[in-house]
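Fold and geometry: a report
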Amino acid sequence: MRSLFLAFLSAAALWAGVPAAAQDWPAKPIRLVVPGPPGNSSDIYARYFAGRLTTLLGQPVTVENRAGGNGFIGATTVTQAPPDGYTVFIAGSSPMAQNMALFKSMPYDPVKDFRWISGIFEGMAVLVVSANSPYKTADALIAAAKAQPKKLNYGSYAAAYRLSTEWFNQATGIQTSFIPYKGAPQVTTDLIGGQLDFAMVDSVAVAPLIQGGQLRALVVTGDERHPLLPQTPTLREAGLPAYGKSAWVSVAVRADTPNPIATKLTATMMKILAEPATKEFSDKQGAFLLAYDDKQMTRFHASEIEKYKKIAAAAHIPLE
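All values derive from a computational prediction rather than experimental measurement.

Here we take up the layout of surface pockets. Approximately 640 Å³ is the volume found for the largest pocket. Together, 40 residues line the largest pocket, and Asn70, Ser94, Tyr157, Ala158 and Ala159 are the ones closest to its centre. For the lining of the largest pocket, the secondary-structure elements that each account for two or more residues are helix H3 (41-57), helix H5 (93-102), strand E4 (114-123), helix H7 (159-172), strand E7 (177-180) and strand E10 (247-254). No other element matches the five residues that H5 contributes to the lining of the largest pocket. In terms of residue class, the lining of the largest pocket is built from 21 nonpolar, 15 polar and four charged. When its volume is computed, the second largest pocket comes out at roughly 270 Å³. Considering the residues around the second largest pocket, the lining is formed by 15 residues, among which Glu166, Asn169, Gln175, Thr176 and Ala315 are closest to the centre. Secondary structure elements with two or more residues in the lining of the second largest pocket: H7 and E7. The leading source of residues in the lining of the second largest pocket is H7, at four residues. For the lining of the second largest pocket, the residue count by class is six nonpolar, six polar and three charged.

Taken as a whole and judged by the stated rule, the model has 15 aromatic pairs. Between Phe72 and Phe103, the aromatic rings sit 5.1 Å apart at their centres with planes inclined by 65°, giving edge-to-face as the arrangement. Within this pair, whereas Phe72 is found in helix H4 (residues 72-79), its partner Phe103 is found in the loop between H5 and E4, the two being separated by 31 residues in sequence. For the pair shown, Phe72 and Phe103 are each scored as buried. Of the aromatic side chains, those joined through ring pairs into one cluster are Tyr45, Tyr48, Phe49, Phe121 and Phe281. The side chain of Lys28 reaches across the aromatic face of Tyr86, ending 4.8 Å from its centre. Sitting over the ring of Phe178, Arg162 keeps its end group 4.0 Å from the ring centre.

Basis of the calculations
- Counting starts from 1 at the beginning of each chain's written sequence and moves along it residue by residue.
- Only residues with pLDDT of at least 70 get local features here, since the model is predicted, and only at 80 or more are side-chain atom pairs given and counted; chain-wide, interface and lining totals rely on the full set of residues.
- Excluded from the side-chain calculations are hydrogens and water; all other atoms, namely the structure's heavy atoms, are used.
- Of the two site types, the cavity is a set of points on a 1 Å grid over the protein atoms alone where a 1.4 Å probe fits but cannot get out, and the pocket is an open set with protein on both sides within 12 Å along at least five of seven lines, each lined by residues with an atom within 4 Å of a point.
- Grid points are joined across faces, edges and corners, and a volume is the space filled by probe spheres set on the points.
- A helix here means a DSSP run of H or I that spans at least four residues, while a strand means a run of E at least two residues long, and both kinds are numbered starting from the N terminus.
- Residue classes follow a fixed rule: Ala, Val, Leu, Ile, Met, Phe, Trp, Tyr, Cys and Pro count as nonpolar, while Asp, Glu, Lys and Arg count as charged, and any other residue, Gly among them, counts as polar.
- Here a Phe, Tyr or Trp ring, Trp counted by its six-membered ring, pairs with any other such ring whose centre lies within 6.5 Å, and the pair is stacked when the planes are under 30 degrees apart, edge-to-face when over 60, and tilted otherwise.
- Burial status follows relative accessibility: with a 1.4 Å probe on protein chains alone, a residue under 20% of its type maximum counts as buried, one over 50% as exposed, and anything between as partly exposed.
- By definition, being over a ring means that NZ of Lys or CZ of Arg is both within 6 Å of the ring centre and within 35 degrees of the ring normal.

This is the structure we're talking about:
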């Protein structure tokens, strides 16, 4: 009993040393910064979690889209905000992992400037062409690319999808030309219009266009078929090497955010991730929950950085 009492006094003393702002958190609205436009998968998930966080934390939680700049704009919005837990990053794999394989310098450090809160989800990419494209299968696209090296072009709006496309090029022995874009809507518009030959894109964002007959899906990158695209084969089913999930989205805050705030936010996120309604929501999106806590995300993040650096090096992509 005496040891329990002493432990209580110790915890109370530690909490008393925490600034009042941390003890009272949250005492005002919180913003979730999404480094992409409205309607992409990160945005869709951010809005779902904003609703649940609003309910559980008792303060309004809103989504702020800060698209562009390879994710730099969204990331620096968070690093330049006060470390008080009121600006939270919906941290995708592009700004937090793949960018480290593509850029020699960035206005933020994904490892040193942030601390992880939790995972959110992983998603497959889908290889798509226009519905009017002559390429009906991945084999047909590969054969055309081999016949005319670098003639076929692909568009990409995020490091995650550029690197997954470059992995596809390596795995199939083809050479294609890269065209950068600012967002998924511009890529899909040019695909439909015939300005692009193909693209590896976010499956959640383009599923309605595939289902509506504007785009044709050739393969998905997951180990199993996509629940929203059950007719589309996996890479393995198409006779190609497996790639796995292509992108992920998680939650992070500034590295110097007080521990009590980060701990409370992690506990709240893990509670939401464990809710049956969250699993139902994720299933409807055709994505997979990444129910990692802060420590698991830290380990996962390190392994992802290493993976994508190897892909970029093998593709001989010069650092920008």
